[in-house]
Amino acid sequence: MDAVVKRLIKEVKKAGDQDAFAELVDLYKDKVYQIAYRMTGNSYEAQDMAQEAFLRAYANLESYDENRKFSTWLFRITTNLCIDRLRKKKPDYSLDAEVKGTEGLTGYSQVAASEKLPEDQVVTLELQEWVQTEISFLPPKYRSAVVLRYIEDLSIGEISDILDLPENTVKTHIHRGREALRKRLGNA
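Residues numbered from 1 in each chain as written. Predicted model: local features only at pLDDT ≥ 70, side-chain atom pairs only at ≥ 80, totals over all residues. Heavy atoms only, no water.

As named in an unreviewed UniProt entry, the chain is RNA polymerase sigma factor SigW, taken from Salibacterium salarium. For the record of the chain, the UniProt heading Sequence similarities (unreviewed entry) holds the text "Belongs to the sigma-70 factor family. ECF subfamily." (UniProt positions renumbered as here; feature names shortened; annotations may be inferred.)

Okay, structure coming up:
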């Protein structure tokens with residue numbers, strides 16, 4: 001995969017090959033969207049953030065260091081965009097609010113179905129919704145570390161590269177985010 005990615009990046013850098021960049025987008029679109037969704041908690045904002053991340057990556061591809069992983073660089077752009085959006089965002093709506101045109105569905109209930117029994121699915125969805133709600137109350141620096149570690153399952157080193165923080169700081173943010181989440185979940 002790394003060889004394919006490096007080849008595509010060279011094609012984009014050398015000739016501005018938009019088809020090659022489209023292939024890069026196709027390779028990473030799901031993961032970028034997932035990170036954006038977990039950070040923002042809103043599918044529309046996540047789509048906007050993912051699109052903006054790819055636009056920024058294309059515009060700044062010349063500054064990409066080919067000695068590093070492209071995915072880390074792209075995820076860092078995505079995470080930074082989401083953090084910026086969260087800082088600027090005014091809470092003009094609630095993700096707990098019911099989605100218009102549905103009965104009882106909230107922004108958090110947009111989770112893919114599994115093969116479990118309906119009762120188990122409801123319990124799982126409620127638990128996921130509850131945890132995602134509580135994650136959304138964490139400060140952005142803790143939220144990004146927790147999302148990247150536990151939801152995206154990235155290593156401390158990768159998170160360190162994405163957030164441009166020392167590994168010990170990442171570990172501290174994860175620990176403090178986990179403790180804050182534990183307190184929030186324990187008080188509910």
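**Q** I'm lost on the overall build of the chain in this one. Help?
**A** Per the secondary structure count, the chain includes eight helices and zero strands. Taken from the N to the C terminus, the helices and strands of the chain come in the order α-α-α-α-α-α-α-α. Residues counted as buried form 36% of the 188 residues belonging to the chain. Contacts spanning at least 24 positions in sequence make up 57% of the contacts within the chain whose residues lie at least 6 apart. Within the structure as shown, the chain displays about 11,400 Å² of accessible surface, and the carbon and sulfur contribution to it stands at 50%. (Helix = DSSP H or I, 4+ residues; strand = E, 2+ residues; numbered from the N terminus. Buried < 20%, exposed > 50% of the residue type's maximum accessible area, 1.4 Å probe, protein only. Contact = heavy atoms within 4.5 Å. Areas by Shrake-Rupley, 256 points an atom, 1.4 Å probe, with all protein chains shown as cover.)

**Q** Would you take a moment to explain the packing of helix α2 (residues 18-40) against helix α6 (residues 140-151) for this structure?
**A** In a pair of packed helices, the angle between the axes and the distance between the axes together describe the arrangement. Close contact between α2 and α6 brings their axes to 10 Å; oriented N to C, the two are set at 135°. The angle between α2 and α6 places the two elements in the oblique class. You can see that α2 and α6 cross each other, and the crossing is right-handed. Contact with α2, carried on its side by I35, R38 and M39, involves R143, S144, V147, L148 and I151 of α6 and no other residues of that element. Among the residues forming the contact of α2 with α6, the class breakdown is five nonpolar, one polar and two charged. (Axes fitted to C-alpha atoms, helices over the stretch in contact; angles between N-to-C directions. Parallel < 35°, antiparallel > 145°, perpendicular 65-115°, else oblique. Left-handed = near helix turned anticlockwise from the far one by under 90°. Nonpolar A, V, L, I, M, F, W, Y, C, P; charged D, E, K, R; others polar.)

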